[in-house]
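Summary of structural features
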Amino acid sequence: MLGGEVSKKFVPTAVSTGCVAIDNSSVFRMCADVPLVVPEVNPQKVFENKGIISNPNCSTIQAVVALKPLDDKYHIKRIVYSTYQAVSGAGRQGILDLENGEKDIPPKKFPHPIYNNCLPQIDVFLDDGYTKEEHKMIDETRKILDKPSLPITATTVRVPVKNGHSESINLEFEDDFDIFEVRQLLQSAPGILVVDEPSKQYYPLATKADGYDDVLVGRIRRDFSVKNGLNLWVVADNLRKGAASNAVQILELLVKSY
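Figured I'd write up the structure that's included with this text. (Residues numbered from 1 in each chain as written. Predicted model: local features only at pLDDT ≥ 70, side-chain atom pairs only at ≥ 80, totals over all residues. Heavy atoms only, no water.)

1. Things to note about the overall build of the chain
To be explicit about the condition: Secondary structure elements follow DSSP: runs of H or I no shorter than four residues count as helices, runs of E no shorter than two count as strands, and numbering proceeds from the N terminus. Values of the radius of gyration come from C-alpha atoms, whereas the globule rule sets the reference at 2.2 Å times the count of residues to the power 0.38. Each residue is placed in one exposure class: buried if its accessible area under a 1.4 Å probe, protein chains only, is under 20% of its type's maximum, exposed if it is over 50%, and partly exposed if it falls in between. Contacts: residue pairs with any heavy atoms within 4.5 Å of one another. The Shrake-Rupley method, run with a 1.4 Å probe, gives the accessible areas here. Residue values count only the displayed protein chains as cover. Only four residue types enter the tally: Lys and Arg on the positive side, Asp and Glu on the negative side, with His and both chain ends excluded. For this purpose, a charge sits on NZ of Lys, CZ of Arg, CG of Asp or CD of Glu.
When its secondary structure is counted, the chain shows seven helices and eight strands. The globule rule puts the C-alpha radius of gyration for 258 residues at 18 Å, and the 18 Å found for the chain is close to it. For the chain, with 258 residues in total, the buried portion stands at 46%. Put simply, 69% of the contacts in the chain that link residues at least 6 apart link residues at least 24 apart. For the chain, the computed accessible surface area is about 12,900 Å², with 53% contributed by carbon and sulfur atoms. The averaged location of the 34 negative side-chain charges in the chain is 2 Å from the averaged location of its 30 positive side-chain charges.

2. Things to note about helix α1 (residues 4-16)
The criterion, for reference: To estimate the expected span of a helix, count its residues, drop one, and scale the result by 1.5 Å. One axis is fitted to the seven residues ending at the residue and one to the seven starting there. The bend at that residue is the angle between these axes.
Between its first and last C-alpha atoms α1 spans 18 Å; for 13 residues at 1.5 Å apiece the expected length is 18 Å, and the two agree. Considering bend angle alone, the principal kink of α1 is centred on F10 and spans about 30°; proline P12 follows within four residues of it. Phi turns positive one or two residues past the end of α1, at G18, with a value near 100°.

3. Let's talk about the side chain of D196
Quick reminder of the rule: Definition of a polar contact: a pair of N or O atoms within 3.5 Å, with one able to donate and the other able to accept a hydrogen when the atoms are protein atoms, and with sequence-neighbouring residues admitted only if both atoms are side-chain atoms.
Within the fold, D196 resides in the loop between β6 (192-194) and α6 (206-209). Among the residues examined, D196 registers a relative accessible area of 12% and is labelled buried. In this structure the side chain of D196 is engaged in a polar contact, spanning 2.9 Å, whose partner is the backbone nitrogen of R219. Those residues in contact with D196 that sit more than four places away from it in its chain are R183, Y202, V217, G218, R219 and I220.

4. Looking at the packing of helix α2 (residues 58-74) against helix α4 (residues 132-144)
Threshold: Lines are fitted to the C-alpha atoms to define the axes, a helix being fitted only along its stretch in contact, and any angle between axes, read from their N-to-C directions, falls within 0 to 180 degrees. Orientation is classified from the angle alone, with under 35 degrees giving roughly parallel, over 145 giving roughly antiparallel, 65 to 115 giving roughly perpendicular, and any other angle giving oblique. The sense of a crossing depends on the near helix, which, turned anticlockwise from the far helix by less than a right angle, makes the crossing left-handed and, turned clockwise, makes it right-handed.
The geometry of α2 relative to α4 is characterised by a closest axis approach of 9 Å and an angle of 40° between their N-to-C directions. Judged by the angle between their axes, α2 and α4 are oblique. Read as a crossing pair, α2 and α4 show a hand that is right-handed. Together, S59, T60, A63 and V64 of α2 and E133, K136, M137, E140, T141 and I144 of α4 make up the contact between the two elements.

5. Topic: the pairing of strand β5 (residues 165-173)
As a reminder of what qualifies: We treat two strands as partners when DSSP finds at least two bridges between them.
Along β5, eight of the nine residues are buried, which leaves the element largely enclosed by surrounding structure. The pairing of strand β3 (residues 76-85) with β5 spans eight bridges and is classified as antiparallel. From the neighbouring strand, V80 faces β5, where its bridge partner is N170. Sheet analysis places β5 next to strand β8 (residues 229-236), joined by eight bridges and oriented antiparallel. Across the sheet, the residue bridging to S166 is V235, located in β8.

6. Some thoughts on the sheet that holds strand β7 (residues 215-223)
Read from one edge of the open sheet, six strands run β4-β3-β5-β8-β7-β6, paired in mixed fashion. Each of the sheet's edge strands pairs with one partner strand only, and the pair in question is β4 (152-158) and β6. Mean inter-strand twist for the sheet, computed between neighbouring axes without regard to direction, equals 25°. The sheet contact formed by β6 and β7 spans three bridges and is parallel. Along β7, the bridge assignment pairs V194 with V217. Helix-sheet contacts for α4 involve β3, β4 and β5, and the interaxial angle to β4 is about 140°. Sheet strands in contact with helix α5 (residues 179-188) are β6, β7 and β8, and its direction is about 165° off that of β7.

Laid out in structure tokens, this is it:
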């Protein structure tokens, strides 16, 4: 992940030679003619490319893998995202800030110490008070689910975890649902591992997602404060499914088409 400036420079060159570029930066994600792809969610979009396919934001990827089967069945009305994102999402320096914080070494990547702390800021703040990361989750979810006006709000937080993003997702559906059926839908959906036995203290953990491609889903329960409300806890390895593995899956779809 070399950043947007590298993508701006080299992706058009690759496309001009007849290559298909799978880009992991945010540069092309919201371009109307560039598909934004999570293979478990919208694999058909791979074949609509004009030379560029965008890999979504890590926190968005794991969320929409869990949301897609539920949206297909019950039709999502509103989403509230609250994320707890690992320092590896900020690169090597983010990991060093966490490790050095225990030694009282001032941070270089983050605006405040991340050790023993939670920072309610990922990326820069925009004029509306939301961060760029929060807008990424909102805008990318709408594009991937093909729901451009879907009401979504997000709060993204950096936490002192080395690897593995965790997300609390609150949903409202248009249609009523059966909680047993929700679990069945998630269990049968591609790329999802349901980890949900509260009586045994069995639920998704960042340490259990580390090194794997599955999106872990648990704490599946009805939100009784609204009609047709549902709560989920969603965890994934942000470096694998949130970046590298998703890009490889896109490549595999392309290769199979030739």
